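# Summary of the model geometry
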Amino acid sequence: MASAMKGWAWQCANALQLAFTAAWTAVWISLALGVVALTGRRDWALRMASSCWAPGLLGGAGARLRVEGVERIDWSRPYLLVANHQSVIDVCALFRAVPVPLRFLLKREMTRVPFVGWYARVTGMLFIDREDRRAGPLLRRDAAGMLRRGESLCLFPEGTRSLTGAVAPFKAGALQSAIDAGVAVLPVAIEGAGAVLPVDGLFRVRPGRIRVRVGTPLPTQGAQGQPDRQVLAAQAHAAVVALLRRPA
């Protein structure tokens, strides 16, 4: 009986959290779209995500965010951030952790999501159609152009969220954009997000701590020339795994 009551209480709490998430997202994205329409400043809309939208959703989920290593990075430079992927709340954690406007590589299906898709288009996010084999070269060109303009981009090179927390091998194709642009790859490890908002189930939120650990940039240019993208992907994967294994 007690177990059933506890389960019912969590279902009610999660239903309220889902309603809050939808309303909070609609309000802040509407405001951000208005800012872009009035000023043309897409970077302001991205700042609103990091300073208002993301912390509200993290707080609503009962997530306590801890960020490590961000102070060692020269954020005046653009980076291609590569992170492991545990949960949809990863995006909130990264928005909050990274102190510069951050864009993401998203699935093409996200363009059909109300508010989120509109915001992503307006702020210059990139999209990938995983069913279209011709999309890769165009994506790499657009990503390299973004990095050359001094804009930082984040991608999840596993390709999908992890069900177990294990980090799958990184797909190397998108890392070519960093090589083409001569921009360093920045490994980022996310821990705990999968426990706060698991992949399985319908919005089954549980309070917890999320850690975002920022590693050391991996150069794409140097005395020995440009690295092979497969080698670069393996180095980035090893760096993320090492960050996850670091003691709290």
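Just so it is clear, the structure is predicted and the values come from calculations on it, not from any experiment.

With that out of the way, let us pick up the packing of aromatic side chains. One pass over the full model with this rule turns up seven aromatic pairs. Ring plane angle 80° and centroid distance 5.8 Å describe the contact between Trp 75 and Tyr 79, whose orientation is recorded as edge-to-face. Residue Trp 75 is classed as buried on the basis of its relative accessible area of 15%. Look at Phe 95 and Phe 104: their rings are 5.2 Å apart centre to centre, the planes differ by 70°, and that puts the pair in the edge-to-face class. Here a set of aromatic residues connected by ring pairs shows up, and it is made of Trp 53, Phe 95, Phe 104 and Phe 156. Lying over the aromatic face of Phe 127, Arg 121 brings its terminal NZ or CZ to 5.8 Å of the ring centre.

For the rest of this paragraph, the subject is the sheet that holds strand S4 (residues 126-128). With mixed pairing, the seven strands of this open sheet are ordered in space as S1-S7-S6-S2-S5-S3-S4. Pairing within the sheet leaves two strands with one partner each, and these edge strands are strand S1 (63-68) and S4. With strand direction ignored, the average angle separating the axes of adjacent strands in the sheet is 25°. Along the sheet, helix H3 (residues 90-97) contacts S1, strand S2 (80-83), strand S3 (102-107), strand S5 (152-155), strand S6 (185-191) and strand S7 (208-214); its crossing angle with S3, the most-contacted strand, is approximately 165°.

Take Ala 236: it is sitting in helix H8 (residues 229-245). Ala 236 sits in the buried class, given a relative accessible area of 0%. Remark: the alpha-carbon pair of Ala 236 and Thr 216, spanning 20 residues in sequence, is separated by 9.8 Å. Beyond its immediate stretch of four places on either side in the chain, Ala 236 contacts Val 82, Phe 170, Leu 175, Val 185, Pro 187 and Leu 218.

A separate point is the side chain of Glu 68. Tracing the backbone through its elements, the reader meets Glu 68 in strand S1. For Glu 68, a relative accessible area of 16% translates into the label buried. A polar contact is formed between the side chain of Glu 68 and the side chain of Arg 66, at a distance of 3.1 Å. Once residues lying within four places of it in the same chain are set aside, the contact partners of Glu 68 are Arg 211, Val 212, Arg 213 and Val 214.

Calculation criteria
- Residues numbered from 1 in each chain as written.
- Predicted model: local features only at pLDDT ≥ 70, side-chain atom pairs only at ≥ 80, totals over all residues.
- Heavy atoms only, no water.
- Phe/Tyr/Trp six-rings, centres within 6.5 Å; stacked < 30°, edge-to-face > 60°.
- Buried < 20%, exposed > 50% of the residue type's maximum accessible area, 1.4 Å probe, protein only.
- Lys NZ or Arg CZ within 6 Å of the ring centre and 35° of its normal.
- Pairing = 2+ DSSP bridges.
- Helix = DSSP H or I, 4+ residues; strand = E, 2+ residues; numbered from the N terminus.
- Axes fitted to C-alpha atoms, helices over the stretch in contact; angles between N-to-C directions.
- Contact = heavy atoms within 4.5 Å.
- Polar contact = N/O pair within 3.5 Å; in protein donor to acceptor, adjacent residues only side chain to side chain.

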